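An overview of the molecular structure
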Amino acid sequence: DKEEDLVPRPPVVTIMGHVDHGKTTLLDYIRKSHVAEGESGGITQHIGAYQVDVNGKKVTFLDTPGHEAFTAMRARGAQVTDIVIIVVAADDGVMPQTREAIDHAKAAGVPIIVAVNKIDKPGASPDRIRTEMSEFGLMPEEWGGDVVYQDISAKKGTGVQDLLEAITVVAEMAELKANPNRAAYGTVVEARLDKGRGPVATLLVENGTLHPGDPIVVGTTYGRVRQMTGDNGRTLKKATPATPVAITGLNEVPEAGDKFMVFDSDKTARHIGEARAEKKKEEERNTTSAMSLDDLYN
Ligand code: GTP
Ligand code: NA
Ligand code: MG
């Protein structure tokens, strides 16, 4: 893309941290307090990612990636996260999965924001968390470092608005841009088979704009985008960069971490989709025969 075609886009944020430190509670609190419910029925659909509005600025949260999903997506070259929030419980401390989260974020080369959670608990010691995290190179801004820390209670909502605002500040410094005026491409966040609707894939548009009717290749699957649903269950007419969207219209169920791309005709999408599916089968056959040879020697 040429520089003049690029416009600012929302950040894509992943929340990581040790077991029970409050990742889900935080995501749920943000979703409930910030995602408008759909017109139809009022039940927010779970599509694995959602977007919130923070003082007129959008922020996209990836809902699913635990560490394994994050690692799998990265291993497949799918780096979709712009900012990592590391949640640390203030009544606990830096634990093995906290360190893993730090390693993931460092390997991805993305900014880290530390959310010091559970400050409502009697045993909470936010300063001790800052000291422990500093030992891993995450020196807080208020101590002369460059990492943003925010004390929160995900349960009560304390500090969560400040955390969201900190995300928009960090995002602005990252100068994230995309070109909405091109054929869309991006990554599969999650996918499943729906009994009535067939394959349903949640896509994160990384660049370009996705529309209903677009011929599309998703991993080794293909089709034409039929229905597009937003995180609030509403039907969408377009999905711009950093927007999560659930689509139907694929011939099969793709995998999380698969790349997708829009093509100019159904015929091209089908040819490319079929060729990729054939290549994958071939690779699987080769792996299987290599494995059986190994078995012979073992
Ligand atoms: P895993 O997905 O299992 O890794 O855990 P998680 O990080 O998603 O933690 P989760 O949100 O499930 O929270 C674990 C427990 O801590 C739950 O009982 C929450 O209610 C509680 N909890 C989370 N945040 C807070 C908080 O700010 N204050 C208090 N008091 N409890 C919290
Ligand atoms: Na838990
Ligand atoms: Mg959880």
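Residues numbered from 1 in each chain as written. Chains lettered and ligands numbered in written order. Predicted model: local features only at pLDDT ≥ 70, side-chain atom pairs only at ≥ 80, totals over all residues.

- Where an unreviewed UniProt entry is consulted, the protein chain appears under the name Translation initiation factor IF-2, with the organism given as Sharpea azabuensis.

1. Comments concerning the sheet that holds strand β3 (residues 49–54)
- Sheet architecture is open: six strands sit in the order β3-β4-β2-β5-β6-β7, paired in mixed fashion. Looking at the sheet topology across the chains shown, the edges are occupied by β3 and β7 (148–151). Mean inter-strand twist for the sheet, computed between neighbouring axes without regard to direction, equals 30°.
- In the sheet, strand β2 (residues 12–17) pairs with strand β5 (residues 83–89) via five bridges, with the strands oriented parallel. Looking at the pairing, Gly-17 lines up with Val-87 of β5. (Pairing = 2+ DSSP bridges. Helix = DSSP H or I, 4+ residues; strand = E, 2+ residues; numbered from the N terminus. Axes fitted to C-alpha atoms, helices over the stretch in contact; angles between N-to-C directions.)

2. Overview of the sheet that holds strand β13 (residues 228–229)
- Read across the open sheet, the seven strands follow the order β12-β11-β15-β9-β10-β14-β13; overall the sheet is antiparallel. Because the sheet does not close on itself, it has two edges, and the strands there are β12 (221–224) and β13.
- With four bridges joining them, strand β11 (residues 215–218) and β12 adopt antiparallel strand pairing. Each residue of the ladder has a partner; that of Ile-216, found in β12, is Gly-223.

3. Overview of the site of ligand 1
- In the vicinity of ligand 1, 15 residues are found, and the nearest of them are Gly-22, Lys-23, Thr-24, Thr-25 and Lys-155.
- When the residues that make up the shell around ligand 1 are grouped by side-chain class, the tally is two nonpolar, seven polar and six charged. (Near = placed C-beta within 6 Å. Nonpolar A, V, L, I, M, F, W, Y, C, P; charged D, E, K, R; others polar.)

4. Some details on the nonpolar core
- In this structure, Ile-86, Ile-113, Val-114, Ala-115 and Ile-167 are the most contacted members of the largest nonpolar core, which totals 73 residues.
- Leaving out residues up to four positions away in the same chain, Ile-113 has contacts with Ile-83, Ile-85, Val-148, Gln-150, Ala-166, Ile-167 and Val-170. (Core = buried A, V, L, I, M, F, W, Y, C linked by C-beta atoms within 7 Å. Buried ≥ 20, exposed ≤ 12 C-beta atoms within 10 Å, placed from the backbone. Contact = placed C-beta atoms within 7 Å.)

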